[in-house]
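Read off the chains here:
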Amino acid sequence: MRTLGRHAVMEGRFRHRRAELVYDDAGEGPLAVYAHGGFASQAVEDRMGLFDWVPVLDRGRRLVRYDTRAHGRSTGEPVAGDYTYTSLADDLLALLDHLGATEPIDAMGASMGCGSVLHAAVQAPDRFSRLVLLIPPTAWTTRKAYARTNRTSADTIEREGVDAWLAAKRKQPRPAVVADVPTFPPTPAERVLPSVLRGLALSDLPSPAAISALRQPALILAWVDDPGHPLSTAEALADALPHGDLHVSRTRADIRTWGERIADYLTRPRTE
């Protein structure tokens, strides 16, 4: 057992579709679930210091954060179809079943996790109360170039090894707003990483028409000057979601307020 702030964190596990998925469970109260970004894990995100979850726990929420299949402590097989957004959304819904969630829950996701949350919400809207979408990824018109890059990266890893891919990535400029955030190697094992990349290359967010049918309040948190998480996606989501609320950060100091913003959003009385 470890702690997050003053809250004890317990580890849980369950099996689903060729994988054992591992999650962290902390706090008491209404359930909120968080899905991390691609190639990371809960431990890596904590070491990065990017998002602060203590305010959510302090405001009376039970917080479950899980390692996506093949990421961190979770297992996964080299099957590209296992890593599409729709498949990852199925993992999220299976986690809710495992947790015994019978009431609508709050769901949060960053980047790849944002895709998981949106697809799960479109597939099973009655299971969700509020959505928090952090750094939405490339989507629709900006997705094609990302998909090409991912397929090329998968080929590079298989041909030259993961170190060659990482060397090329280190030459790419980082968004200034998070330039001081430490970087870490990808958590999926090298034997699975090409499949993860190809699965993400096959993915896109739900269509704007499908998103516009969602009635949950949704907080969208974005930052600027990041081609992998373009502001255009966040703005399009804010336009499509009937109850979307967009906040854009232009400094690292403002990103540090996201934990409190999320806590405020999740505990704000619903007016609709």
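A brief look at the structure comes next. Just so it is clear, the structure is predicted and the values come from calculations on it, not from any experiment. (Residues numbered from 1 in each chain as written. Predicted model: local features only at pLDDT ≥ 70, side-chain atom pairs only at ≥ 80, totals over all residues. Heavy atoms only, no water.)

The subject of this paragraph is the overall build of the chain. Assigned secondary structure in the chain consists of 11 helices and 9 strands. Radius of gyration (C-alpha) of the chain: 17 Å, near the 19 Å computed for a compact globule of 272 residues. Considering the chain as a whole, with its 272 residues, one finds that 55% of them fall into the buried category. At a minimum sequence separation of 6, the contacts of the chain that also span at least 24 residues come to 78%. Summed over all atoms, the accessible surface of the chain reaches about 11800 Å², with 52% contributed by carbon and sulfur. Looking at charge distribution, the chain has the averaged site of its 33 positive side-chain charges lying 3 Å from that of its 34 negative ones. (Helix = DSSP H or I, 4+ residues; strand = E, 2+ residues; numbered from the N terminus. Rg over C-alpha atoms; globule rule 2.2 N^0.38 Å. Buried < 20%, exposed > 50% of the residue type's maximum accessible area, 1.4 Å probe, protein only. Contact = heavy atoms within 4.5 Å. Areas by Shrake-Rupley, 256 points an atom, 1.4 Å probe, with all protein chains shown as cover. Lys, Arg positive; Asp, Glu negative; His and termini not counted. Charge placed at Lys NZ, Arg CZ, Asp CG, Glu CD.)

It is worth spelling out the side chain of Ser203 at this point. Assignment of secondary structure puts Ser203 in the loop between helix 7 (193-201) and helix 8 (208-212). Residues in contact with Ser203, not counting those within four places in the same chain, are Tyr83, Thr84, Tyr85 and Arg143.

Considering all chains together, one arrives at 6 aromatic pairs under this definition. Between Tyr34 and Trp53, the ring centres sit 4.5 Å apart and the planes meet at 45°, which makes this aromatic pair tilted. One end of the pair, Tyr34, is in strand 4 (residues 31-35); the other, Trp53, is in the loop between helix 1 (42-48) and helix 2 (54-58), with 19 residues separating them in the sequence. The exposure class assigned to Trp53 is buried, which follows from its relative accessible area of 3%. (Phe/Tyr/Trp six-rings, centres within 6.5 Å; stacked < 30°, edge-to-face > 60°.)

This paragraph deals with unusual backbone geometry. For Phe39, which is not glycine, the phi dihedral falls at a positive 75°. One non-glycine residue, Ala70, lies in the positive phi region at around 75°. With respect to the helices, strands and loops of the structure, Ala70 is situated in the loop between strand 5 (62-67) and helix 3 (85-99). On the basis of relative accessible area, Ala70 is assigned to the buried category, the value being 7%.

Read across the sheet, 9 strands follow the order 1-2-3-5-4-6-7-8-9 without closing on themselves; strand pairing throughout is mixed. Edge positions in the sheet fall to strand 1 (2-4) and strand 9 (244-249), since each of these pairs with one other strand and no more. Here the strands of the sheet are splayed against their neighbours by 25° on average, with no regard to which way each runs. Where strand 8 (residues 218-223) lies against strand 9, 6 bridges are found, and the strand directions are parallel. Within the sheet, the bridge partner assigned to Ile220 lies in strand 9 and is Leu246. On the sheet, helix 3 packs against strand 2 (7-16), strand 3 (19-26), strand 4, strand 5, strand 6 (105-110) and strand 7 (128-134) and is oriented at approximately 115° with respect to strand 2. (Pairing = 2+ DSSP bridges. Axes fitted to C-alpha atoms, helices over the stretch in contact; angles between N-to-C directions.)

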